[in-house]
Every structure is written in structure tokens, then in C-alpha cells.
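Working through the structure, step by step
Spelled out, the chains give:
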Amino acid sequence: MKNTIRYLALAIVSLLPTLAWAADVSMSGTSLFRFEQSAFPGFTKQTIVPATQFFGVDVDKIGDGNLSLHLYGWGRVDLADKSTNEQNDTDGNFTYGYLLYRFPTANAEIKAGRFFINEGVAAEQIDGISARANLKKGFALTVFGGAPVKLDRDRHSKGDYIAGGRLGYRLAGILELGVSGLHEGNVTLDPASGAKDDRQLVGGDIWFSPLRMVELNGHSFYNAATDGISEHSYSLSLKPLKTVTLSGVYNEQHFKNYFTYSNLRSLFNPDTDGELKSYGGGVTWALLAPLEVGADYRRYNRTSSINNSFNTDNNGNSNRYGMDLRLILLDRKVRSGISYHRSEGASGFNSYHEVRSFGMYDSGRYVASLDGIVQLYKYNIFNRHQAYELIGSSGYRLFPELLLSGDISYTRNPRLNDELRGVLRLTFNYAVANKGAKK
Amino acid sequence: MRGAKLYIPFLLIACILAVTACSHIFSTEASLPAWHPEALGEGRVDCSECHEDQVRGVMKATATFKHSTEFIKQHRFYAARDGLLCSICHASSFCNDCHANQTEMKPPIKLGNRPDRELIHRGDYLTLHMIDGKIDPVSCYRCHGRANNEKCIRCHK
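The following paragraphs examine the structure supplied in this document. Values in this document were obtained by computation on a predicted structure and should not be read as measured data.

**Some remarks on the packing of aromatic side chains**
Under the defined criterion, the tally for this structure stands at 16 aromatic pairs over all chains. Note on Tyr-98 of chain A and Phe-115 of chain A: the rings are 6.0 Å apart at their centroids and 70° apart in plane angle, and the pair reads as edge-to-face. In this pair, Tyr-98 of chain A is assigned in strand S5 (residues 90-102) and Phe-115 of chain A in strand S6 (residues 109-119), connecting sequence segments 17 residues apart. Side by side, Tyr-98 of chain A and Phe-115 of chain A carry an identical accessibility label, which is buried. Their ring planes at 45° and their centres at 5.1 Å tell us that Tyr-366 of chain A and Tyr-396 of chain A sit as a pair that is tilted. On the criterion of sequence distance, the pair formed by Tyr-366 of chain A in strand S20 (residues 366-381) and Tyr-396 of chain A in strand S21 (residues 384-399) is long-range, its members being 30 residues apart. Judged by relative accessible area, which is 30%, Tyr-396 of chain A ranks as partly exposed. Clustering of aromatic rings is evident, with ring pairs tying together Phe-255, Tyr-258, Phe-259 and Phe-268 of chain A together with Tyr-141 of chain B. Residue placement shows Lys-60 of chain B over the ring face of Trp-207 of chain A; its charged tip is 5.0 Å from the ring centre.

Okay, here's the thing in C-alpha cells:
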């Protein structure tokens, strides 16, 4: 928290001269006041009232017009009982803050600061620098380096430095191939013994669309530190008709190579020789322009040779399947849906049915919605066999860029006799110049 | 063994330098705009309502990026490859509602007024996750297990 405040103060101070130069400033934020009253069976009622502020600033067209600055973070104060198990009744996080320079050609850009990077094998939050550009003949290159952002609670669980990149090759409209790599130095593998190793991943990815109606997406990742495949993940979609999409997925993960660098090892245990294979498919059909129906099926085959921390047997075949229907009317003013899903756990696992239904209306000025969800378990959990939650929300746009909304939800589930939650939410989105929409 | 493994990033960098040098080097095509010029409302976007051609920069048909159910479920493939396109419409903060090292609340609470969004962890997820987590723990590891663990360590030491 202290660090967060220090970072934010630093960021804001450094922002001031920038603001004076910049042509375009936009700010966005969400303020949330939650009021939760929970009754745990056998305990007294607990009331928590956390106030949370999410806040972001984007300053565009700094200097020669190609430089921009982006900041985002959140902070919270508990106004009643503590909302977490932490010592403090305040918390916060500096999510990102970076400078971005975009070149007028080649989609080239350089980023510096704290940001998220998603490139092939990498999906990381780093304090560092990255650069990307499209090259001639369809090649594209991204490189990044810096220090992985550490977790508040467990500061040793990430490495000292991280670097990586991706090289892609595109054949216009038909094919993209990519190779990527990542190297993170000195990651603690075993907190007990203090054993460290480098995290090293390499991967290949593909996008292939030989015909407009066929699209293949996928990647295979290899763990170079443990010398084994960590993941294959592929998805094929076919659009035989304009209104129909068929899809198939195949995934395979080897825990030894996939969970190697977890800092929650009792749970994501790489020491089991386990693996998970899952495959399945789905279909969506736009019956009429506003009405879409879908069905999906997926089978999971899990093997782990060692049991987990709860000492349960985690092997077997599970199935998930279900259907959903979405109805969108009046130029998206009305959005609604209903769905049924079944998760059928392997023997020894629990199973559940889930039914959900929602509807919302957005007139531009007023917004209202209702959302209900019910889960029925096969085996009782704490002597209950079902859970449900009902959320009602309504809102009013004071200005186009300022929405005030309030939700009330009521929940009954195995852990709670009942829970009543109220949320008051103020969302703003303010831009000096009208530059279209960033979400 | 450690030393031997270091060859991978070096090989990659060498490879990258070679290709960079060979292709002389940067594309001369104009960059995409910093922001999508047209303001889009809430709800799933269908690019082909307004575009027919290929998207510059990423060289794929615009229809590829139609925000269909399929696209939303598989967005990780697109994000890991064509992030430059996502960022003309999405600020990173949009993604950080679900993806973060440390988040304050689960997305269906923050976005309780958006039942139409494809959000994770609806309903009583503390109970449900015991089943989902057993069926498919790898899907959780995309967001928890190296990051965003604060809520888990209360029960999973």
C-alpha cells in the first residue's frame, strides 16, 4: 500500500508538466461503495462497507503528437468491518503506468514503465520496456525486458528480471505463424528450500484461414527448464453458413511443465505427473437477426498421480455441456439471455446444474437489469444442495459521460445463510477531445 | 545444464536480428490510428456492419475480429498475437477487470450492472470453484497461481 501511494504520488507529480503540454487528456474512473451483510451459519452477522476507487488517466498527443501516457490503479478503504483477512483496512494497487511512443509507420511503438504484455508465451505484468514493429515481407517483431511485478504478499515468488519476444510472419489474409520465448531469472521454485531456477518458455503459434469460412487458432508451448511440452491448445471454427458457426477445441497440459513456476504450489502442484486433456465442440446459430442459440460440449480427462493438499483423488473424466439463448432487440437497447449448463464431475468430484437468466434495458438515459442464477449440486455441500443469487440493478446517466448505478443482490448458498449486498457505483469517462471510443 | 538452456533466448535474439537485418527492415505502411475513429456502444461488436476489407497492420479480414461468442471465449489467441489492434479500442484497464496481479473484487461485482457481459465467476463462486477447479485447474492458472492469489491463500496455504 505504501508503495502504491508512493508510485501514484510520483506518477501524478510527473504528470503535471506533461498535462500542460498535452492536447488530449481523458480520465476514467469507477467509484464503488459496497454494503455487504453476511450471516455465516453459527456466527454473528458481519457487515462490511468497502469504498473502492478505480482511476485511470490517458494523456495523448504529448510533444510531437506521437507520445502518450497511460496510468491506472485502485485504492480501497473499509468503512466498517474488514473486507479481507489482511491487517490493514486500506489497500491499493498501481496496475499500470507507462509512456507509449507510436511511430507513424510500421505500427512501430515503444513502451516504457509498468504495463501488461501479451505476446505468444508471455502474459506478464512488468516494469520495463517493450518495442514492436511490422517489418517488410510480412514479418513482425516484439521484444521486451525488465523486472516482473512482484506480488504484495509473496515478494520472492517472481524472478529478478524477465526478457522475451515474439517473431511473427503473416501471409495476408491466410496465415500467421509466430515463435516466441521468455526468460525469467531466479524464480523461487521451492519456498521451503529456497531452490531457484530460471523460467524459460518457448512457443509456436498459428492462425490459418485458407478459406473465409475456416479458421484455425492455436499454440504449443515448451518448457525449456524442465524439457517438456507444457501446453497444446487448438481451436478450429467453421462457418458453413453466414448464420452458423461450428467450433472444435483440443487442449493438453502437462502439470510438471505447466505449473512449474507456481507460487501457490500446494494447489497448482507441479510435482504430480498429472496431465489434463480436454476436447469438445460447439455450435452457434443466429436463428433470426436478434436471436442466437448455442450449444456446447467439452470432455475433460484428468490424471494426477499424487493427491493434492486436501488429499483427494483427482483423476477421471468430467463432462460439461449446455445451451444458451441470447435475444438482442431495439438496436441493442434490450439485451437478454437464458442458459443451462451441466458440469458432470468425474467419480469422486461433485457435479452441478446451473441455470441463469438475465435481461437489461438501456434507454440511453436510464438503465435497468435483472440477473438470476441457480446452481444445484449433486452432493450436498455443508448440508445444502443448492445456491442462488438474484441481482437487480438500475442506473441513470447524469451526463453522457457520468453514470450512477445501484445494485441490490440477495444470495443464499452453502456457506451463507443469506447475504444481502448493495453496490452504489459512479462510472465516469471523460475526454477533452472527441477521439472515438476506447473501452 | 543452466548454461545450456540460456541458448534459447540468445538463439531467439540472434534469429530476430538476422530477420530484422534481412528485411531492410521496417514496413512502410502507415500505422493504425491510436484510437478507433468511431465511438462504439456497449455490447458485442460486429465489425462487418461497417467494414468489408482486411484490417491493415494485422492482415486479417475484419470479420475475424467480430466479437462473437466464439471470439470472446478464444480471445486469448487473438490477444497474444494482434494486441496492437485490440489496443485501438481497449485501454489496458478494460482487460484488467479480469486480468491483474491484484484485483479488488471479482468482475461480476464490479460490473453488476452488466449481466450481458461474458464475465467469469458469477454466483457463489467460492463454493462452485471447488468443483470447477477440480475439473479444469489449468484454466485457473491463466489468472491465478502465479498472480492474483491474495484471496486463495486464506484456504490454500
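There is more to say after this.
**As for empty space enclosed by the protein**
Gaps left between atoms show up when a probe the size of a water molecule is rolled over them. For the structure shown, the criterion picks out five cavities of 30 Å³ or more. Considered as a void within the structure, the largest cavity measures approximately 150 Å³ in volume. Forming the walls of the largest cavity are 14 residues, and the residues nearest its centre are Glu-215, Ser-237 and Lys-239 of chain A together with Glu-70 and Tyr-78 of chain B. Contributing elements (two or more residues each) for the lining of the largest cavity: strand S12 (214-223) and strand S13 (228-241) of chain A together with helix H3 (69-73) of chain B. For the lining of the largest cavity, the leading source of residues is S13 of chain A, giving three residues.

**Some remarks on the side chain of Arg-326 of chain A**
Topologically, Arg-326 of chain A is positioned in strand S17 (residues 316-329). There is a polar contact of 3.2 Å between the side chain of Arg-326 of chain A and the backbone oxygen of Asp-116 of chain B.

**Regarding the pairing of strand S9 (residues 161-171) of chain A**
All names here are of chain A. The sheet contact formed by strand S8 (residues 139-148) and S9 spans eight bridges and is antiparallel. Residue pairing in the sheet places Ala-140 in a bridge with Gly-168 of S9. When S9 meets strand S10 (residues 175-190), the two strands line up antiparallel, connected through eleven bridges. Each bridged residue has a counterpart across the sheet, and for Gly-165 the counterpart in S10 is Gly-181. Hairpin geometry of S9 and S10 is characterised by an intervening segment of three residues between the two adjacent antiparallel strands and by a positive phi of about 75° at Gly-173.

**Some details on unusual backbone geometry**
All names here are of chain A. Unlike most non-glycine residues, Leu-330 shows phi in positive territory, near 50°. Among the secondary structure elements, Leu-330 is positioned in the loop between S17 and strand S18 (334-344). At Asp-331, a position not held by glycine, the phi torsion is positive, near 55°. In this fold, Asp-331 is placed in the loop between S17 and S18. Residue classification places Asp-331 among the exposed residues on the basis of a relative accessible area of 75%.

The rules we used
- Residues numbered from 1 in each chain as written.
- Chains lettered and ligands numbered in written order.
- Predicted model: local features only at pLDDT ≥ 70, side-chain atom pairs only at ≥ 80, totals over all residues.
- Heavy atoms only, no water.
- Phe/Tyr/Trp six-rings, centres within 6.5 Å; stacked < 30°, edge-to-face > 60°.
- Helix = DSSP H or I, 4+ residues; strand = E, 2+ residues; numbered from the N terminus.
- Buried < 20%, exposed > 50% of the residue type's maximum accessible area, 1.4 Å probe, protein only.
- Lys NZ or Arg CZ within 6 Å of the ring centre and 35° of its normal.
- 1 Å grid on protein atoms, 1.4 Å probe; cavity = no way out; pocket = protein on both sides within 12 Å on 5 of 7 lines; lining within 4 Å.
- Points joined across faces, edges and corners; volume = space filled by probe spheres on them.
- Polar contact = N/O pair within 3.5 Å; in protein donor to acceptor, adjacent residues only side chain to side chain.
- Pairing = 2+ DSSP bridges.

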